[in-house]
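These are the residues of each chain, in order.
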Amino acid sequence: NFGVFALQEQYFLIGTVPIELQGFIIGSLTLGDRIDSSFLPNLRAFFGGETLVMVGERIIASTLPAEVQPEELTLATLASAVTQTDGTAQIGADDYLITSMKLGSDDSGEPVSLYLLRSLTAALKQPNQQLKKTLATQALLAILLGSALTLVATRKSLRLLESFVAFMRSVAETGDYS
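This write-up is about the structure you can find in this document.

What counts, and at which threshold
Residues numbered from 1 in each chain as written. Predicted model: local features only at pLDDT ≥ 70, side-chain atom pairs only at ≥ 80, totals over all residues. Heavy atoms only, no water. Helix = DSSP H or I, 4+ residues; strand = E, 2+ residues; numbered from the N terminus. Buried < 20%, exposed > 50% of the residue type's maximum accessible area, 1.4 Å probe, protein only. Contact = heavy atoms within 4.5 Å. Areas by Shrake-Rupley, 256 points an atom, 1.4 Å probe, with all protein chains shown as cover. Pairing = 2+ DSSP bridges. Axes fitted to C-alpha atoms, helices over the stretch in contact; angles between N-to-C directions. Core = buried A, V, L, I, M, F, W, Y, C linked by side-chain atoms within 4.5 Å. Patch = residues over 30% accessible without salt bridge, like charges linked within 9 Å, V, L, I, M, F, W, Y side chains within 5 Å. Salt bridge = Lys/Arg side-chain N within 4 Å of Asp/Glu carboxyl O.

With respect to the overall build of the chain
Counting its secondary structure elements, the chain contains 3 helices and 8 strands. Mapped in sequence order, the helices and strands of the chain form the string β-β-β-α-β-β-α-β-β-β-α. Within the chain, the proportion of its 178 residues that are buried is 22%. Pairs at least 24 apart in sequence give 34% of the contacts found in the chain among residues at least 6 apart. Working note: accessible area of the chain is about 12,700 Å², and carbon and sulfur atoms make up 60% of it.

Re the sheet that holds strand 5 (residues 58–62)
Read from one edge of the open sheet, 5 strands run 5-4-8-7-6, paired in antiparallel fashion. Both outer strands of the open sheet, strand 5 and strand 6 (88–91), are each paired with one neighbouring strand and no more. Across the sheet, the mean angle from the axis of one strand to that of its neighbour is 40 degrees, orientation sign disregarded.

Here's the deal with the pairing of strand 2 (residues 10–21)
Bridge analysis of strand 1 (residues 2–7) against strand 2 gives 6 bridges, and the strand direction is antiparallel. The partner of A6 across the bridge, within strand 2, is Y11. Between strand 1 and strand 2, which pair antiparallel one after the other, the connecting turn spans 2 residues, and Q8 there sits at a positive phi close to 50 degrees. Looking at chain direction, strand 2 and strand 3 (residues 24–34) are connected through 10 bridges and run antiparallel. What sits directly across from I14, in strand 3, is G32. Connecting strand 2 to the antiparallel partner strand 3 that follows it, the hairpin turn spans 2 residues, and Q22 within it adopts a positive phi of roughly 55 degrees.

Remarks on the nonpolar core
One finds I35 and L103 to be the most contacted residues of the largest nonpolar core, which totals 13 residues. Those elements that provide at least two residues to this core are strand 1, strand 2, helix 1 (39–47), strand 4 (50–55) and strand 8 (111–119). Ignoring sequence-local partners within four residues, the contact set of L103 consists of F2, G3, V4, L13, I35, V112, S113 and L114. Judged by nonpolar contacts, the second largest core, of 9 residues, contains L52, M54, L64 and I98.

Regarding the sheet that holds strand 3
If you trace the 3 strands from one edge of the open sheet to the other, you get 1-2-3, paired in antiparallel fashion. Sheet topology places strand 1 and strand 3 at the edges, where each strand pairs with a single neighbour. Here the strands of the sheet are splayed against their neighbours by 35 degrees on average, with no regard to which way each runs.

Description of a nonpolar patch on the surface
Together, V17, I19, L21, F24, I26, L29 and L31 give the surface a local cluster of nonpolar side chains, amounting to about 720 Å² of exposed area. When residues of the nonpolar patch are traced back to their parent elements, those giving at least two are strand 2 and strand 3. It is strand 3 that contributes the most residues to the nonpolar patch, 4 residues altogether. Looking at the element boundaries, V17 is found in strand 2.

Encoded structure:
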């Protein structure tokens, strides 16, 4: 089982597994980690996005950039993003894809939730840059190809016109209308 244990405003994520010997429980293995500024960066590195832990409507730990104001991160904003089909919310200047996981409840019964946030703005930055490069290259190739085709068509038309003009001059000089 997993749960959250609060001790003097410090929160711990704790997991317990029974130890069995010949069908009898002889003890338990309990491991825990403090939910604080050292816990979330490890999770952030694993997940590749921002992380946030809330107890009730209070943020207790976050890896979001400092310019994101806490008042923008209300439980209602996050909860509505998680329950929506697209699971997105705007926080600060970025749009985030959000999912949550309930870690348990603290001693007073308030839910403790982990929110995983992935910036769509950052995630789409590289593909957008690659798309812009591809479109610019294709536009340049289209211009070059169009110019080449125009040059070929113009030369062919001018040759026909030059041969017609030469024929008309020869008829005018010789007077042979046959």
